[in-house]
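# Topology and contacts: notes
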Amino acid sequence: MAAYKAALINEIEKLYKKKKALVALIISLVVIVLGQLAVVGVRSGFGVRGAGSVEFPVLVLSVVVNTILPLFTALVAIDCFSGEFSHNLMRVTLTRPVSRLKVFMAKVTAIAVFILANLLILMVFSMLAGFLFNANSATFAAVERTMLAYVISLFPLFTLALGIVLLTNIFKSGTSVFFIAVIAFLAIKAFGIFFSQYTSLLITTQLDWYNLWLANSFPLAKIGRDFCLMLGYALMFFTAGFYLFDKKEF
Amino acid sequence: MRISKKAALPVVFTVGILLFASTALADIVSKSGYDTLKDGLKQSAASCSEKFNNFTLDYSFVIKYNGEIISSQNDVKKFDRLNGATEDSSRSLSPDGKVSDSYYYTDKNTWINGTDIGTGNEAYYYTEYTQERQMDVFDNPFKQDEAEDVEKIVDAVVGSLKDHVVVQENADGSKALSGSLSEVQIPALVNAVASLQVKQAFSGQNSYSARIPVLTQDIYVKQIEGSATVNSDGLLDYILATVILSGKDAQEQAHEITMETLVKLTDINETVVQKPDLSGKKVKRTTERNSAGPQISNPEKFIGTFKNDIIIEQDGKFVKIGERILQIAHVESANIAGKYSEEYKEGFETYAQNALTFTFDATTSNQAKSDAMFEFRDNDGLNRSGSIYLDEANAKVYFNLNMSNGPYDSVFSPVLE
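This text gives an overview of the structure that appears in the document.

The subject of this paragraph is helix α4 (residues 68-86) of chain A. Residue and element names in this part refer to chain A. The largest bend along α4 measures about 40° and falls at D79. Burial analysis of α4 places 16 of its 19 residues in the buried class, which makes it a mostly covered element. Phi for N88, located one or two positions after α4, is positive at around 60°.

Next up on the list: unusual backbone geometry. Residue and element names in this part refer to chain B. A positive phi angle, near 60°, is found at N269, a position not held by glycine. One non-glycine residue, D315, lies in positive phi territory at about 50°. Taking the relative accessible area as the measure of exposure, D315 reaches 76% and is therefore exposed.

As a further point, take the sheet that holds strand β17 (residues 372-377) of chain B. All names here are of chain B. Spatial strand order, β13-β14-β15-β16-β17-β18-β19-β20: eight strands in a closed barrel with antiparallel pairing. With direction set aside, neighbouring strand axes in the sheet form an average angle of 30°. Pairing of strand β14 (residues 317-332) with strand β15 (residues 335-344) involves ten bridges; the strand directions are antiparallel. By the bridge assignment, E332 is partnered in β15 with N335.

Leftover empty space is mapped by rolling, across the atoms, a probe with the size of a water molecule. Residues and elements named next belong to chain B. For the second largest pocket, the calculated volume is near 1000 Å³. Lining the second largest pocket are 36 residues, and of these Y34, L37, V154, V158 and V165 lie nearest its centre. Sorting the residues of the lining of the second largest pocket by element identifies α2 (33-51), α3 (147-158), β8 (175-182), β9 (217-230), β10 (236-248) and β11 (254-266) as the ones contributing at least two each. For the lining of the second largest pocket, the leading source of residues is α3, giving seven residues. Residue composition of the lining of the second largest pocket, by class: 24 nonpolar, seven polar and five charged.

What follows concerns the nonpolar core. In terms of nonpolar packing, the biggest core is built from 80 residues, with F81, I111, I115, L119, I164, Y210 and F245 of chain A touching the most fellow members. For this core, the leading source of residues is helix α6 (residues 100-133) of chain A, giving 14 residues. Leave out the neighbours within four places in its chain, and Y210 of chain A touches V58, L61, S62, V65, A149, I152 and S153 of chain A. In this structure, F302, L326, F360 and A372 of chain B belong to the second largest nonpolar core, which totals 20 residues.

On the surface, L22, I26, V30, V33, L34 and L37 of chain A cluster together into a nonpolar patch covering about 560 Å² of accessible area. L37 of chain A gets classed as exposed once you look at its relative accessible area, which sits at 55%.

Calculation criteria
Residues numbered from 1 in each chain as written. Chains lettered and ligands numbered in written order. Predicted model: local features only at pLDDT ≥ 70, side-chain atom pairs only at ≥ 80, totals over all residues. Heavy atoms only, no water. Bend = angle between axes of the 7 residues up to and from the residue. Helix = DSSP H or I, 4+ residues; strand = E, 2+ residues; numbered from the N terminus. Buried < 20%, exposed > 50% of the residue type's maximum accessible area, 1.4 Å probe, protein only. Pairing = 2+ DSSP bridges. Axes fitted to C-alpha atoms, helices over the stretch in contact; angles between N-to-C directions. 1 Å grid on protein atoms, 1.4 Å probe; cavity = no way out; pocket = protein on both sides within 12 Å on 5 of 7 lines; lining within 4 Å. Points joined across faces, edges and corners; volume = space filled by probe spheres on them. Nonpolar A, V, L, I, M, F, W, Y, C, P; charged D, E, K, R; others polar. Core = buried A, V, L, I, M, F, W, Y, C linked by side-chain atoms within 4.5 Å. Contact = heavy atoms within 4.5 Å. Patch = residues over 30% accessible without salt bridge, like charges linked within 9 Å, V, L, I, M, F, W, Y side chains within 5 Å. Areas by Shrake-Rupley, 256 points an atom, 1.4 Å probe, with all protein chains shown as cover. Salt bridge = Lys/Arg side-chain N within 4 Å of Asp/Glu carboxyl O.

Take a look at the structure:
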């Protein structure tokens, strides 16, 4: 456990030192600012509310969870694996007295930490923006639900990240992984539109999982099913990814 | 230790597959409330257009402000699919408190439209068709070509909101569906577009301004609620949708407007559509030719000369340089024949060189029944087509030539002196 902890700290520090985390943060803030500008513009221009104080964070989430968050998750996952493969850094990592499973787990956990941090920062800033610019009454319950929506979005994003980790262990170059991931993401989205009866099985659809948690009639069965689906995906991606990682010669 | 982990890998992977597969199966099999609603809608539409002999659709729409009804519309449509007859009575209440009723009845041979019903000043327009019309009283919207695409788009837009429809199964096999979306759940784009529409509707440009304050800011859709029942036969026989809007007036005062729509499918195979008894009522009768516009009672009146002016612009003025002359020599229901010519005034001989003259023999084509089509040869010896239409009401003839050289006026007036 101590070894895992050390490896994790090491991975998080590596991520933290990379500029991508910072860029992700800056872009997230830009989205909030642009979103707020759009809401204020719509309000003063057309007299339409656009989004209230509680709705604004959910609006931001609905946009980022399908766009920049998967994108940066992919970049970070690629960085953690392909980046180190190509720069022969993995050899350095593996010389440490830590098993490959622990290295793999530490990397994956670091990605999860990155996603969660990104979500939390987005949540805090979008809430601030929401309260500052949309001075509508907000109930505590509504705020609670918004926080819940942000936190549980970690699960689908993390599942997606595990899928990308699997890709990084199949393909060598980080660039090809990135493009394959983006194309696959778009293809799965398109598939969901044309074969709507299967949409609920797709990872891209589960990115909107947070919506279920906001429902007035809490659809417990559906939430449970989606969770099991994501868990199934995650287990498959994780084991397949680790198998390839373990077999790799560095 | 390490070996056991290796052995664990395939086990965990298999667990993942099993978990995914079993849940996926459960997910596909379990029908969501949204799907139940959609299936009910489809089955009802299919039954209405193909199965039921007759049925009644009851449709009402109400706008409420502060709990008070501002305007409403109630429409009872009776369909008799076997006999191809429909009857529609509606009553509407406008914001200024005026109640108006309207009525219409159609069957294969008749079309009756009532006006000023209930005012004591009732009048009926009674149209009789010379030929029986082929008509379906109810078209299944899901049978249209684009229905499938529309359904896909709707499904995609609705997205994860599908799971907000709650199903409650009753003991008798019927299902009660309900759903409620608050502002957070309504997609921002949908909310913004709907709010804009509301702003236009209640902008004070219409009669609503007398009863509802003009909303100028902070307009949004506060709540959407819906409920429906699917009966034991799988038919959607009742659907109620409520939309609550909120907005502020110029004085920052918040107001709420509620819109309710209710559709009920009732009296299946028990509806009687009866032709109204118009004896003793004010009736205006007309006779129509089947789908070909009004039948001309005595087409011979179109025999004669029709003209219009050939006009050009010269030195900043309109100048008449000649006339187009249309001589109709023969008119029958499916055939119109005559001669077309152009005459130019003195001094415009350059135009006259291209003067068009031909005779035509137009017959009604099957594709465009309102027009009689003909062919002619233009000055360059090319075969061209044209069409002629007789407008009885305005005493005009529309004479179209499919040519693109220069301005041409296709409306001809009769020469009467």
